[in-house]
Amino acid sequence: MSVQQPINDSHRRTLDPIATPERLLLGPGPSNAHPTVLQAMARMPIGHLDPLYVELMGEVQELLRYTWQTDNRLTIPMSGTGSAAMEATLANTIEPGDKVLVAIKGYFGLRLADMAGRYRADVVTIERPWGQAFSLEEIEQALETHRPAIFAIVHAETSTGICQPMDGIGDLCRKYDCLLLLDTVTSLGAVPLYLDDWKVDLAYSCSQKGLSCPPGLGPFSMGPRAEAKMMGRSGKVPNWYLDVTLLNQYWGSDRVYHHTAPVNMNFGMREALRLLAEEGLEASWNRHRSNAEYLWAGLEGLGLDMHAPEHLRLPTLTTVRIPEGVNGKAFTQHLLNEHGIEVGGGLGALAGKVWRVGLMGYNSQRANVDRLLNLIETELPAFRGSAPVAAAV
Ligand SMILES: Cc1ncc(COP(=O)(O)O)c(C=O)c1O
């Protein structure tokens, strides 16, 4: 028998119970979760192979298919955040040496290229400045030149507030015989999105934006062409946790244990998707659009400039140029500390140049827009002249 040792008592171990303040999350995500989603998540867990849970899994899959407008059999919520689902699309389909063409027009295109390289793809890229979208001609030219196995692009670029027009891209990918992989993290549930009509072969999203759920699940969908590529691999999927051939034994008809599903996250996902279906997909899209237009008009009325051209603007995420002379970070810190409102700063090429205002899922409400516009009107003037002019350029 081993002798009991004196325990190491040098780490802090007395804390008060958690008490997070009220926050209104109007940044790039997470967004506030719907109250009944939180109630669903607070239920006692049940077993991840309990017949009741197995039934819930099927319900979540059907609701996800509705939300994405797809009949894809392999539609599941990955355990993990949007990046896990992003990685799953790549890990399952890339074989070493496959050419992957990534369209980069912001931060998340860069992440896709980085991940594809880690699975030993031959990564080639096309780029647009942060705040623009790709034209069909540019995409066709790149497909013709590179003849990739996979073309990856972000639908809703959270770093720039740009929504990529999708008309014709799926047909081009069929013409050049490559898979179309689409990032829908900031569009699912909130922006018109039709996976099957757009001929998207692989897609992923997150729980914490348009779906009004906390972060923790990454919806994933794989169409028949991508499935055929995965099944034709010469070796195993090089990521055990995200291997869809294994995961499908749990999510498909066999219900074989793979990993212990985060059951309470899936309770929340079921409730979030149920609420969305109750509202109706088109009603949700329209709500996001009209609240975003209301925000844009209000901001412009206060003399602020939008970064994204109106025809490409995302309803879920607005990039607003920080006015010259304003210390953008000081103002967002003020909003958070004094008013409990989170607004995001710029990422990468837009760092220090824009604020990012999110109106996603439960938070896409006119009252939230009014609250923010009021604060900008009354409290931003005090921040004018808070930054040297050069820093604002
Ligand atoms: C467009 C886009 N793709 C991918 C991700 C990664 O998702 P997550 O942070 O949930 O891992 C994000 C996160 O905000 C995103 O906005």
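Before reading further, recall that the structure is shown in the block above.
If you're wondering where the values come from, they're calculated on a predicted model, not measured in any experiment. (Residues numbered from 1 in each chain as written. Predicted model: local features only at pLDDT ≥ 70, side-chain atom pairs only at ≥ 80, totals over all residues. Heavy atoms only, no water.)

Here's the deal with the overall build of the chain
Phase 1: Secondary structure assignment for the chain yields 13 helices and 14 strands.
Phase 2: Taken over the C-alpha atoms alone, the chain extends approximately 65 × 60 × 45 Å along its principal axes.
Phase 3: Burial statistics for the chain: of 393 residues in total, 55% are counted as buried.
Phase 4: Here the contacts in the chain between residues at least 6 apart in sequence split such that 74% fall between residues at least 24 apart.
Phase 5: Surface exposure of the chain reaches about 17,600 Å², of which carbon and sulfur atoms provide 52%.
Phase 6: Averaging the coordinates of the 34 positive side-chain charges in the chain and doing the same for the 43 negative ones gives two points 4 Å apart. (Helix = DSSP H or I, 4+ residues; strand = E, 2+ residues; numbered from the N terminus. Buried < 20%, exposed > 50% of the residue type's maximum accessible area, 1.4 Å probe, protein only. Contact = heavy atoms within 4.5 Å. Areas by Shrake-Rupley, 256 points an atom, 1.4 Å probe, with all protein chains shown as cover. Lys, Arg positive; Asp, Glu negative; His and termini not counted. Charge placed at Lys NZ, Arg CZ, Asp CG, Glu CD.)

Regarding the sheet that holds strand β3 (residues 99-104)
Phase 1: Taking strand neighbours across the sheet as the criterion, the seven strands line up as β2-β10-β9-β8-β5-β3-β4 in an open arrangement whose pairing is mixed. Since the sheet does not close on itself, it has two edges, and those belong to β2 (74-79) and β4 (122-127), each with one partner. The mean angle between the axes of side-by-side strands here comes to 20°, regardless of whether they run parallel or antiparallel.
Phase 2: Strand direction decides the pairing type here: strand β5 (residues 150-154) and strand β8 (residues 179-183), joined by five bridges, are parallel. Its bridge partner lying in β8, isoleucine 153 is registered against leucine 182.
Phase 3: Contacts between helix α3 (residues 82-93) and the sheet are confined to β2, β5, β8, β9 (202-204) and β10 (217-222), with β10 contributing the most and set at about 30° to the helix. (Pairing = 2+ DSSP bridges. Axes fitted to C-alpha atoms, helices over the stretch in contact; angles between N-to-C directions.)

Focus on the environment of alanine 387
Phase 1: Take alanine 387: it is sitting in the loop between α12 (366-379) and α13 (389-392).
Phase 2: Note on alanine 387: relative accessible area 13%, which makes it buried.
Phase 3: Between the C-alpha atom of alanine 387 and that of glutamate 324, which follows or precedes it by 63 residues, the distance is 8.1 Å.

Quick word on the side chain of serine 159
Phase 1: One can find serine 159 in the loop between β6 (156-157) and β7 (162-163).
Phase 2: Residue class for serine 159 comes out buried when judged on its relative accessible area of 0%.
Phase 3: A polar contact of 2.6 Å, which involves the side chain of serine 159, links it to the side chain of glutamate 157.
Phase 4: Among residues more than four places away in sequence, those in contact with serine 159 are Gly106, Tyr107, Phe108, Trp130, Thr319, Leu347, Leu350 and Arg356. (Polar contact = N/O pair within 3.5 Å; in protein donor to acceptor, adjacent residues only side chain to side chain.)

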